[in-house]
Amino acid sequence: MSIDFTEYATKKKSYGGANGSKKSIMIGGDLYMLKFPLRSKFSHTFSYSNSTITEHIASSIFNLLGINAQETVLGKYTYHDVERVVVACKDFTYPDGDLYDFASLRNQVVDSETNGHSTELSDILTIFREQDILDPDALESFFWDVFVIDALLGNWDRHNGNWGYLHNRVTDEVKIAPVYDNGSSLYPQADESIMNRILANKAEMNRRIYEIPLSAITIEGEKINYWKYMTSNPCDGLKKAILRMAPKIDLDRIDVLIDSVEGLTPTQKTFYKTMIKKRKECIIDPSYDLIISKD
């Protein structure tokens, strides 16, 4: 990585969330959240996950496909003589905004019986209709558009605490926040040995397309299987999102984007490009074709 954030000026702003350590730094007059990789839970060959790399790639793909997402920059940071790959995420709340997660919308609804932290799909859709600070139709469309791209990228952790809305404390305006916290996409715990095993074994690959990862959103307490739900009988909101987003997924442009990411090994590039291609072919395309054929 050519960018070294180790000596960048820091700020005292703190960031919450459980996905890795974070610092605030200034880059060219803008505030950024510097995210460090999580410790790897599954690999015996490397200590830290690829979550900072997948955060950058996934965020860039969202922006490429027309869904407003956080701006990210990959770099390195040395701590205790150990160099790590980190990602700088531009703070889209700076300087006058405040970020509220989706769960906070529930608190805007007087006498609501719905739990804002519930991941149950029916509860989420109910809050869309009960709240009155954002356009309900725009909010639901955004939710399902993000769901489709999360399905493409295999995001297993899009819960109610990592998407939300911005409030401008000066103008009192509110708007949907850019998509953020995308590090749980694209199999961040896979090291190169795991990547090579998946690429070489059809059963291993199929398992990671048809079975895992699951969505964090639930139906009757069960996490949604992206493939089963999208290719069977998706709800009307999801159908509309599939029709909107599927034609925008250009694999050639995504491949160019991945090839441009500095520091990726040939195995990593091949793995990310292959898994996105397969998830498109096996999940996104069949769901789109099914809707078109029924219409």
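Owing to the predicted nature of the structure, the values given are computational and were not obtained by experimental measurement.

A. Structural detail: the overall build of the chain. A tally of helices and strands in the chain yields nine helices and ten strands. Taken over C-alpha atoms, the radius of gyration comes to 19 Å for the chain, in line with the 19 Å a tight globule of 295 residues would show. Seen through its C-alpha atoms, the chain measures out along the principal axes to roughly 55 × 55 × 30 Å. Relative to its full complement of 295 residues, the chain shows a buried share of 49%. Restricting to contacts in the chain with at least 6 residues of sequence separation, those with at least 24 account for 64%. On the chain, roughly 14200 Å² of surface is accessible, and the fraction owed to carbon and sulfur atoms is 48%. Charged side chains of the chain number 34 positive and 42 negative; the gap between the two group centres comes to 5 Å.

B. The arrangement of empty space enclosed by the protein in detail. Under the defined criterion, the tally for this structure stands at one cavity of 30 Å³ or more. One number sums up the size of the largest cavity: a volume of about 120 Å³. When residues in the lining of the largest cavity are grouped by element, the largest group, five residues, is from helix α3 (residues 136-153).

C. Structural view of the environment of Val179. Relative to the assigned elements, Val179 resides in the loop between β8 (174-176) and α4 (192-200). Along the sequence, Val179 and Trp163 sit 16 residues apart, while their C-alpha atoms lie 6.5 Å from each other. Excluding its chain neighbours within four sequence positions, the residues that come into contact with Val179 are Phe62, Ile67, Asn68, Ala69, Gln70, Phe142, Val146 and Arg158.

D. Quick look at the pattern of salt bridges. Within this structure, the stated rule accounts for 15 salt bridges. Arg169 is the salt-bridge partner of Asp98, the closest N and O atoms lying 2.8 Å from each other. Linking Asp98 in strand β6 (residues 97-101) with Arg169 in the loop between β7 (164-168) and β8, this pair joins segments that are 71 residues apart in sequence. Taking the shortest distance from any N to any O, the salt bridge between Asp285 and Lys280 comes out at 3.0 Å. One network of salt bridges, with partners in common, ties together Lys35, Glu55 and Asp181.

E. Representation of the packing of α3 against helix α7 (residues 236-245). One can describe the packing of α3 onto α7 by two numbers: an axis separation of 8 Å at closest approach and a directional angle of 65 degrees. Considering how the two elements wind past one another, α3 and α7 form a crossing that is right-handed. Residues Glu140, Ser141, Trp144, Asp145, Phe147, Val148 and Ile149 of α3 form the contact with α7, whose participating residues are Gly237, Leu238, Ala241, Ile242, Arg244 and Met245. Residues of the contact of α3 with α7, tallied by class, amount to eight nonpolar, two polar and three charged.

F. Quick look at helix α1 (residues 51-64). Its 14 residues place the ends of α1 19 Å apart at the C-alpha level, agreeing with the 20 Å of an ideal helix rising 1.5 Å per residue. Within α1, twelve of the 14 residues are buried, which leaves it mostly tucked inside the rest of the structure. All of the buried residues along α1 are Ser51, Thr52, Ile53, Thr54, Glu55, His56, Ile57, Ala58, Ser59, Ser60, Ile61 and Phe62. If you follow the buried residues of α1, they end up packed against β3 (30-35), β4 (72-79), β5 (82-90), α3, α8 (251-259) and α9 (266-294). Backbone geometry just after α1 places Gly66 at a positive phi near 90 degrees.

G. Looking closely at the sheet that holds strand β2 (residues 22-27). One open sheet holds the five strands; their spatial order is β1-β2-β3-β5-β4, and the pairing between them is antiparallel. Each edge of the open sheet carries a strand with a single partner, namely β1 (10-11) and β4. As paired elements, β1 and β2 share two bridges and run antiparallel to each other. If you follow Thr10 over to β2, its bridge partner there is Ile25.

H. Region of interest: the sheet that holds β6. In spatial order, the strands read β6-β7-β8; together these three strands make up an open sheet with antiparallel pairing. Two strands bound the open sheet, and with one partner strand each, they are β6 and β8. When strand polarity is set aside, the average angle formed by the axes of neighbouring strands in this sheet is 25 degrees. Sheet analysis places β7 next to β8, joined by three bridges and oriented antiparallel. Each bridged residue has a counterpart across the sheet, and for Tyr165 the counterpart in β8 is Ile176.

So, how was this worked out
Residues numbered from 1 in each chain as written. Predicted model: local features only at pLDDT ≥ 70, side-chain atom pairs only at ≥ 80, totals over all residues. Heavy atoms only, no water. Helix = DSSP H or I, 4+ residues; strand = E, 2+ residues; numbered from the N terminus. Rg over C-alpha atoms; globule rule 2.2 N^0.38 Å. Buried < 20%, exposed > 50% of the residue type's maximum accessible area, 1.4 Å probe, protein only. Contact = heavy atoms within 4.5 Å. Areas by Shrake-Rupley, 256 points an atom, 1.4 Å probe, with all protein chains shown as cover. Lys, Arg positive; Asp, Glu negative; His and termini not counted. Charge placed at Lys NZ, Arg CZ, Asp CG, Glu CD. 1 Å grid on protein atoms, 1.4 Å probe; cavity = no way out; pocket = protein on both sides within 12 Å on 5 of 7 lines; lining within 4 Å. Points joined across faces, edges and corners; volume = space filled by probe spheres on them. Salt bridge = Lys/Arg side-chain N within 4 Å of Asp/Glu carboxyl O. Axes fitted to C-alpha atoms, helices over the stretch in contact; angles between N-to-C directions. Left-handed = near helix turned anticlockwise from the far one by under 90°. Nonpolar A, V, L, I, M, F, W, Y, C, P; charged D, E, K, R; others polar. Expected span 1.5 Å × (residues − 1). Pairing = 2+ DSSP bridges.

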